[in-house]
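An overview of the molecular structure
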Amino acid sequence: MSAEGLLLFAAVLLPLGMAISCLSRTIRARAPSLLVFAPVPAMLAAWLVPNGVSVFFPAPLRMTLALDRPGAILLGGAALLWSAAGAFAATTMAGRPGTPGFAVWWLLTLTGSLGVFIVADIASFYLVFTLVSLAAYGLIVHEQTAAALRAGLVYVVLALLGEAFLLLAFVMLAAGAPDPNPLIRDAMAALPASPMRDGILALVILGFALKMGLVPLHVWLPLAHPAAPMPASAVLSGVVVKAGVIGLIRFLPFETALPAWGAMLTTVGLFTAYYGVIVGITQQRLKTILAYSTVSQMGLVATILGVGLAHGDPAAPVLAAYYGVHHTLIKGGLFLAVGVGLVTRGSHLRPILLLTGLLALSLAGLPLTSGALAKIAAKQMLGSGIATIAMTLAAAGSTALMLHFLAALKRETAANAETPETPGQVAPLLVVAAASIIIPWSLYPGLPGMNLSSAVEIGALWTLVWPMVLGGIAFMMLRRLNGLRGALPEGDILVLAEKCAPLVGRVAGTFAKVDSLTRHWPVAGVLLVCIAMLLGGALLSRP
Amino acid sequence: MIASALSSANLFGLCGASLAGFGLFIVIIHASLLRRIVGFNLLGAGIFLVFGAIARRGAAAGFDGDPVPQAMVITGIVVAFSATALSVALLLRLFGLTGRAAFDAPPADASRQDET
Amino acid sequence: MLPANALPAYVTTPGGFLLVLAIILPVVAVLAMLVLDPRHARSVVGATILAGVAAALAIAEELIRTGAALIYVVGGWQPPLGLALRADGLSATMIAMTAIVLPGIAIFARGLQDLKPETRNGRAPTTFWSLLMGVWSALCLTFIGQDLFNLYVALELLTFAAVPLVCLDGRSETMGAALRYLMFALLGSMLYLLGTGLFYGAFGTLDIRSLSAMSDDRPAVSVALALMIAGLLAKAALFPLHLWLPPAHAGAPAAASAVLSALVIKAPIFLTLRLVAEVAPTPMAAIAGKILAILGAFAIILCSVMALRQARLKLMIAYSTVAQIGYLFIVFPLATGADALPPWGTIAWTGGALQLGSHALAKASMFMAAGIIAEAFGHDNIRDLSGFGRILPLSAATFGLAGLSLMGLPPSGGFIAKCLLLTSAVLGGHPWLSTTILAGGLLAAGYVFRVMNRALATPQTPLIIRRKIPARLEVVPLILALLAVLLGFVPLEPLGLLQIGRPDRPAETMP
């Protein structure tokens, strides 16, 4: 096996091995301080392994790992954020009794979330996708508060539902292939001709939309991401939702134009982008605002993929991944910045707030930041259609939402307690912030049809600036509407769904009645005779 | 006509079937466990009679009384006897523990509901 | 009527004596325990288990080596007068599965008895060992019997050995549960016996191979099949005939529950499979398969919901068994009744066998873990078990791993089984079956999750430990649960084994 193959393998194996070695009590106690190293092989792989490398591990693993351009882009950013957040977690959570257990969940989630970017066969993809979905539950409920447990419950129910959709989709995909466990690439090549094409596409989009948090399947996200401890929120919002992005990238056939499906995905994406902003502005808690911002940003990624699907544009995956890595670093950085900001005071607070402001406005597309690059690149692919206008206007929404976030942050940090921040918290934040500039700039020239000069063109910059101004004005006006504050509960339409809980209870109650009826002896005896007669009748009356 | 229909084998068969039906009825309807055990024995006896009829009909095919079903009946009687003995033993223990010889309602713990 | 001698006579194969050994060894152990002092019970059982496992391995090895079924003709008498024992791939798989699960349960039971040294060599443990050996012998006979009446006797032996297992502790509730079990099983046996009689009346033989060659669409076949299948369903506790299972499996002592849920329940299902797939003519198999699958689907949905609602851990696991039995019945329409492909050539067949094996391993380990929990805390109310994972981490891990297989999440045997069943449902165009499979998985996740959530929770008040559990006791169920997960890594190997001894096409069996 080649060195590249080994490196890819290590990217998954090291965190998994660390998680398994936590069975030993002594190692488990030390695990939190080692979290920072777990994603190192993945980081190296994203950097050093050339795109297109693929390695096959024979039975009993039967796993194929491969690195392509979108996978590498997402893998690098994700590994960096995991590492920085791991360092942050080691500092802030050290010494607490639950931290070693938290580290185990962390490592398992890490394994799965990096694994989805590099596995290339369907069965392994389902395996790592399930791993990241289920292990994230441990991160969400770590605090064991009532809110965390509720969030965990909602999360796990929806996550398992998504798994069920995906399992059916994957089985349908593999059913047409000669190999019981085909490579995703081969299955995708056969998909457009498959008789079950539309069913598969619907299930794939449902399953991954749930993971990305597209409306109306987003309800778990604003509950779950804020419930976790700060570093976990950073990776959940920054990396784990990208499992849905890579899922769509891998399982939608971008080589073939599918206008109807593309239009559907675009519509859902744009609706999500606006919906997230509107609900987010009514929120009060910092982490919830950031979570709604994630919902909105994932809507934009879905829009890019939708337009790509409609036109059969093979560049869409790379651009979506590029937008994704921008969001990974910025959103992760923002969560860490909130973590640092809430414990900083005095003269140190101002630079932290300034940095947070920069990161926040980058999401809205502040020129020269990663957000600006991502938006310019995306718009070039979107062309001049209605999607471009909608996306430009969405930047206004993002600006307003981020200003709302900054105002809330300023309010909350005004009365900080006397706990001084530590270098262990600030350093990860600075690393992520620096990476959010360096990585997107270094990747930009490699994007299809992009060169550096397009990023600083005046016309392009102007289309970035005017929506921000518009967003600023909107924010000023909205500030005066006090009724907006807390107008919508966290998880918005989830509250409606929860109203249906008694109905579910009634159905279950009916089942219980049926069960208790059939467990009466005379009833069961008569049923037995009936079944015998039914079978006999059916076998006799056969044509 | 009627006499030929009521050949000894058919008579056996009909008797067996009605005995089995009777036993089945008792087993399903009666709450008293002792009666149920008797019902099982009736049901079993009915089925053994059917086997007897089958043995007789095997004779019509050339054999003079097919021995295989008879061997089965003997084995079946042994099994039925053991089943009766086991149920009576359990019933006696149950009666000794609770003073009841019936279970009409399903056990309470199985239908317990709880938090949702 | 076709003469029975149209088929070639059975010939005892060189390894045929192994089949007799598999049946006789446990019986010898029971007899030895009757004669010897209770002190020796353990060594007798230990030796028997070693020998029995060796026999099971030898059967599998012989089967793979020769690539043909093992046959033993008892006393040299050909059917219809004599009896034949025959082990094909599926039988050998079942025997091997029993030989893996049963020793595990025995080691666990031994450890559990060691917790109470005062009664370790008393009468109760000896009774348990005798019954366990009885169950083993009856199971082996069920898996290799080739004569329908012989199989009736095997089923009755199995019931008589299993029923007392339920009420070993002598409480009135378990006594009632045992009686209910016995009576319903007897009702099922009676129907089965009547069907046997009808078959004999129609064909003059009860040998499965001859019957499968001769059975046609005359009314007697329909009625006999209906009676026998219904009787077996009563013994398999397929919904809505499950009244006896939850109290019996939940009330029995931990080791006994594991035997009942993992192994005993599989015997009637195995026989149903033989009847439908081998004896019934293909069109009848298709109809019967549909009805069985409808009942199975109801079992999956309804009993999974019931499992979710149970307050007690063992009752929850028992209801989960009823639900998982449903999965084994939805295999029927997927695997049988197609003319193009013999049933054993389909992936549903492999999926069904894998489901059977992984459920046996997972359920045995789950019941044992529940037994450990009940032993440690003195109760098994799920609500009051907050934080048991901190005190019994290995048992919590056992529960989680076994749950993985029950939910059908990767990587586990249950997952591969579910994938195979789902694939054949998709290919066969049964959307209602694929929906049921997925919904059942979700509901299973619900009840497993409910327990795991307790395991990981931080308790308000610390759990009170009634009895300290040595770690080695927890290891046995953990190993079985791990095996259930590892089954997911060898899905392609058993496929070949399952086909040994089966004709390539059904047409070849019809002269």
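Since we're looking at a predicted model, the values are computed, not measured.

What counts and what doesn't
- Residues numbered from 1 in each chain as written.
- Chains lettered and ligands numbered in written order.
- Predicted model: local features only at pLDDT ≥ 70, side-chain atom pairs only at ≥ 80, totals over all residues.
- Heavy atoms only, no water.
- Helix = DSSP H or I, 4+ residues; strand = E, 2+ residues; numbered from the N terminus.
- Buried < 20%, exposed > 50% of the residue type's maximum accessible area, 1.4 Å probe, protein only.
- Contact = heavy atoms within 4.5 Å.
- Salt bridge = Lys/Arg side-chain N within 4 Å of Asp/Glu carboxyl O.
- pLDDT = per-residue confidence, 0-100.
- Expected span 1.5 Å × (residues − 1).
- Phe/Tyr/Trp six-rings, centres within 6.5 Å; stacked < 30°, edge-to-face > 60°.
- Pairing = 2+ DSSP bridges.
- Buried area = accessible area lost by both parts, 1.4 Å probe.
- Polar contact = N/O pair within 3.5 Å; in protein donor to acceptor, adjacent residues only side chain to side chain.

When helices and strands are counted, chain B shows 4 helices and 0 strands. Each helix and strand of chain B, placed in order from N terminus to C terminus, yields the pattern α-α-α-α. Looking at chain B as a whole, 38% of its 116 residues qualify as buried. Across chain B, every contact between residues at least 6 apart in sequence was considered, and the portion connecting residues at least 24 apart equals 57%.

A word on the pattern of salt bridges. Residues and elements named next belong to chain C. Counted according to the given criterion, the structure contains 17 salt bridges over all chains. Its salt-bridge partner being Arg65, residue Glu62 comes within 3.0 Å of it at the nearest N-O pair. Within this pair, Glu62 and its partner Arg65 are both found in helix 2 (residues 41-66), separated by 3 residues, close to a single helical turn. For Arg65, a relative accessible area of 56% gives the class exposed. Between Glu375 and Arg467 there is a salt bridge whose closest N-O contact spans 3.0 Å. Residue Glu375 is located in helix 15 (residues 347-377), and its partner Arg467 is located in the loop between helix 19 (431-456) and helix 20 (471-486); the two are separated by 92 residues in the primary sequence. Overlapping salt bridges bring together Arg86, Asp88, Arg274 and Glu278 as one network.

As a further point, take the confidence of the model for chain C. Residues and elements named next belong to chain C. Scored by pLDDT, chain C comes out at a mean of 87, with 93% of its residues at no less than 70. Considering only residues more than four positions removed or in separate chains, one finds that residues 1-5, a stretch of pLDDT under 50, has 4 contacts. Under a pLDDT of 50 for its full length, residues 504-511 has, in the predicted model, 8 contacts with residues more than four places off or in other chains. Our summary of model confidence lists the complex with pTM equal to 0.91 and ipTM equal to 0.90.

What follows is about helix 6 (residues 172-203) of chain C. Residue and element names in this part refer to chain C. Between its terminal C-alpha atoms helix 6 stretches 46 Å, which fits the 46 Å expected from 32 residues at 1.5 Å a residue. The element helix 6 is extensively covered by neighbouring structure, given that 27 of its 32 residues are classed as buried. Positioned one or two residues after helix 6, Gly204 has a phi angle of 70 degrees, which is positive.

Time to look at the environment of Ile54 of chain B. All names here are of chain B. Inspection of the secondary structure assignment puts Ile54 in helix 3 (residues 33-60). On the basis of relative accessibility, which here comes to 11%, the residue Ile54 falls in the buried class. Expressed as a C-alpha distance, the spacing of Ile54 and Asn10, which sit 44 residues apart in the sequence, is 9.2 Å.

The next subject is the side chain of Ser189 of chain C. Structurally, Ser189 of chain C can be placed in helix 6. If sequence neighbours within four positions are ignored, Ser189 of chain C has contacts with Tyr152, Glu156 and Lys235 of chain C.

Attention now moves to the packing of aromatic side chains. Residue and element names in this part refer to chain A. Enumeration according to the criterion identifies 25 aromatic pairs over all chains in this entry. When the centroid spacing of 6.0 Å and the interplanar angle of 85 degrees are considered together, the rings of Tyr126 and Phe170 count as edge-to-face. Remark: Phe170 occurs in helix 7 (residues 146-175) and Tyr126 occurs in helix 6 (residues 122-140); sequence separation between them is 44 residues. You'll find Tyr126 and Phe170 in the same group, each marked buried.

A word on the pairing of strand 2 (residues 63-66) of chain A. Residue and element names in this part refer to chain A. Where burial is concerned, the two faces of strand 2 agree: the one with Met63 and Leu65 and the one with Thr64 and Ala66 are both buried. Across 4 bridges, the pairing between strand 1 (residues 54-57) and strand 2 is antiparallel. Within the sheet, the bridge partner assigned to Val55 lies in strand 2 and is Leu65.

Bringing unusual backbone geometry into the picture now. Both trends apply: most residues other than glycine have a negative phi, and most peptide bonds are in trans. The peptide bond linking Val215 of chain A to Pro216 of chain A adopts the cis configuration, its omega dihedral lying at 5 degrees. Within the fold, Pro216 of chain A resides in the loop between helix 9 (197-212) and helix 10 (221-227). That bond from Pro410 of chain C to Pro411 of chain C is cis: its omega, -10 degrees, falls within 30 degrees of zero. Turning to its location among the elements, Pro411 of chain C is positioned in the loop between helix 17 (393-407) and helix 18 (413-428). Non-glycine residue Gln144 of chain A carries a positive phi angle of around 60 degrees. Within the secondary structure layout, Gln144 of chain A lies in the loop between helix 6 and helix 7. Despite not being glycine, Leu368 of chain A has its phi angle at roughly 75 degrees, a positive value.

Our focus in this paragraph is the interface of chain A and chain C. Each side of the interface is counted separately: chain A has 44 residues, and chain C has 55 residues. Between chain A and chain C, a total of about 4500 Å² is buried, with carbon and sulfur atoms accounting for 82% of that surface. At 13 residues, helix 24 (residues 521-540) of chain A tops the list of elements feeding residues into the side of chain A that touches chain C.

The next point concerns the environment of Thr369 of chain A. Residue and element names in this part refer to chain A. Positionally, Thr369 belongs in the loop between helix 16 (349-364) and helix 17 (370-382). Sequence separation between Thr369 and His326 is 43 residues; the distance between their C-alpha atoms is 9.4 Å. For Thr369, the contacting residues outside a window of four places in its chain are Ser362 and Ile437.

All names here are of chain A. Mapped onto the elements, Ser398 comes out in helix 18 (residues 386-413). For Ser398, a relative accessible area of 4% corresponds to the buried category. Polar side-chain contacts of Ser398 include one of 3.3 Å to the side chain of Gln297. Residues within four places of Ser398 in sequence aside, it is in contact with Val277, Gln297, Leu363 and Ala364.

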